Structures are given as structure tokens and as C-alpha cells.
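Chain and residue survey
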Amino acid sequence: MPFIADETPAFAEVVKSKIAAFNAGHWDASQRRPIGFKQLHDNGELAAGIAGRTFGNWCLIDNFWVCDSLRGQGVGSALLATAEEEALARGCRWLLLDTLAFQAPAFYQNRGYHTVWCQSDYPFDGGQRFYMVKKLQAE
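This is a predicted model, so every value here is computed, not measured.

1. A few points about the overall build of the chain
Summing up its helical and strand segments, the chain has 3 helices and 6 strands in all. Starting at the N terminus, the α and β elements of the chain follow one another as α-β-β-β-α-β-α-β-β. Across its three principal directions, the C-alpha atoms of the chain cover 60 × 40 × 35 Å. Contacts spanning at least 24 positions in sequence make up 51% of the contacts within the chain whose residues lie at least 6 apart. A gap of 7 Å separates the mean positions of the 13 positive and 15 negative side-chain charges of the chain.

This is the structure:
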């Protein structure tokens, strides 16, 4: 039987749902919850945001962004701390995120994250993607 190319979002969702159905036989995913916080400019436009999900012992941050005009003013630190506090309140013990070399590895290191793996030559020669983890602790 030949393989058929299918790069549609609908197909990707079907495959994702098949994996979720398989995983359901091994754990209860009903505890998986989205996590997100944002800050808006006075005009209502997004100024900063962090989004991910929590599940069991882990919080995974998928996206974290602060507009240029607010960088270096503590907004990112406060937003990350807010997500960490919420993850801890949900019972998470660790937070996982990834960042590219030109983004913010030093920012995360300065906040207690350590690199568990560096993907070299990502997405092209010379690039790096850092997978970073922090153990969350009650204060």
C-alpha cells in the first residue's frame, strides 16, 4: 500500500486525536488545562502574553512574548513568575519551555532555569534551540 501525502491541518488534527485516544488508555488527560496570562496596552492591544498548559507534575510554556517597548522593564519577569505561581498552585512541580539562541536563554537562566538539551543547527546551521526546565517551589 503506498503512502499518501497529506499536509492539511485537518489531517494533522486527526492524527493528534488518534494519539490522544491511545494515551487515554494510560492516563486521565481530563486534568490537562490551558494556562495563560496577558497584559494589554491602554488601547486594548496585546502588550505581553504567556500561554501553555499544565498536566500532572508539569507546566509546558508554548508561547511567551513581550512587546519591544516593554522589554527590560520587568514585565517579562513578572509574567513568567505569575505563570509559575499558577502552575505551582495547580500542583505542578516543574516548568518546561524552549527558546532559541537569539531569543532569551540568559533571561531564563537568570530566573533559575537550566538547559536539559540543546538542539544544534536548529533550524539551520549555527542556530540553537534550548529546552529548559525549572523546579517550582513554594515560597
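Structure shown, so let's carry the discussion forward.
2. Some words on the pairing of strand 1 (residues 33-40)
Looking at chain direction, strand 1 and strand 2 (residues 46-55) are connected through 8 bridges and run antiparallel. By the bridge assignment, Phe37 is partnered in strand 2 with Ile50. Hairpin connection between strand 1 and strand 2: a loop of 5 residues separates the two successive antiparallel strands, and Gly44 in this loop has a positive phi of roughly 90 degrees.

3. Describing the packing of aromatic side chains
To describe a pair of aromatic rings, one takes the distance between the centres and the angle between the planes. Counted by the stated rule, this structure contains 7 aromatic pairs. A ring pair is formed by Phe107 and Tyr108, whose centres lie 5.2 Å apart and whose planes are at 80 degrees; its orientation type is edge-to-face. Residues Trp117 and Tyr131 carry aromatic rings whose centres are separated by 5.2 Å and whose planes lie at 25 degrees to one another, so their mutual orientation is stacked. Here Trp117, found in strand 5 (residues 114-120), pairs with Tyr131, found in strand 6 (residues 128-135); they are 14 residues apart in sequence, far enough to count as distant. Look at Trp117 and you get partly exposed, because its relative accessible area is 47%. Through a chain of ring-to-ring contacts, the aromatic side chains of Phe64, Phe107, Tyr108 and Tyr113 assemble into a single cluster. Between Arg32 and the ring centre of Phe55, over which it is positioned, the NZ or CZ distance is 4.6 Å.

4. Comments concerning the nonpolar core
One finds Cys59, Ile61, Leu95, Leu97, Tyr108 and Tyr113 to be the most contacted residues of the largest nonpolar core, which totals 23 residues. Those elements giving two or more residues to this core turn out to be strand 2, strand 3 (58-66), helix 2 (75-89), strand 4 (94-100) and strand 6. The biggest single contributor to this core is helix 2, with 5 residues.

5. What about a nonpolar patch on the surface?
A cluster of nonpolar side chains, Phe11, Val15 and Ile19, forms an exposed patch at the surface whose accessible area comes to about 250 Å². Positionally, Val15 belongs in helix 1 (residues 9-24). For Val15, a relative accessible area of 35% corresponds to the partly exposed category.

6. Points about the sheet that holds strand 5
Pairing in this open sheet of 6 strands is mixed, and the strands run 1-2-3-4-6-5 from one edge to the other. Edge strands, defined here as strands with exactly one partner in the open sheet, are strand 1 and strand 5. Within this sheet the neighbouring strands show an average axis-to-axis angle of 20 degrees, counted without direction. Relative to strand 3, strand 2 is paired through 8 bridges, and the arrangement is antiparallel. Each bridged residue has a counterpart across the sheet, and for Thr54 the counterpart in strand 3 is Cys59. Across the sheet, helix 2 touches strand 1, strand 2, strand 3, strand 4 and strand 6, and the angle it forms with strand 1 is around 155 degrees.

The rules behind these values
- Residues numbered from 1 in each chain as written.
- Predicted model: local features only at pLDDT ≥ 70, side-chain atom pairs only at ≥ 80, totals over all residues.
- Heavy atoms only, no water.
- Helix = DSSP H or I, 4+ residues; strand = E, 2+ residues; numbered from the N terminus.
- Contact = heavy atoms within 4.5 Å.
- Lys, Arg positive; Asp, Glu negative; His and termini not counted.
- Charge placed at Lys NZ, Arg CZ, Asp CG, Glu CD.
- Pairing = 2+ DSSP bridges.
- Phe/Tyr/Trp six-rings, centres within 6.5 Å; stacked < 30°, edge-to-face > 60°.
- Buried < 20%, exposed > 50% of the residue type's maximum accessible area, 1.4 Å probe, protein only.
- Lys NZ or Arg CZ within 6 Å of the ring centre and 35° of its normal.
- Core = buried A, V, L, I, M, F, W, Y, C linked by side-chain atoms within 4.5 Å.
- Patch = residues over 30% accessible without salt bridge, like charges linked within 9 Å, V, L, I, M, F, W, Y side chains within 5 Å.
- Areas by Shrake-Rupley, 256 points an atom, 1.4 Å probe, with all protein chains shown as cover.
- Salt bridge = Lys/Arg side-chain N within 4 Å of Asp/Glu carboxyl O.
- Axes fitted to C-alpha atoms, helices over the stretch in contact; angles between N-to-C directions.

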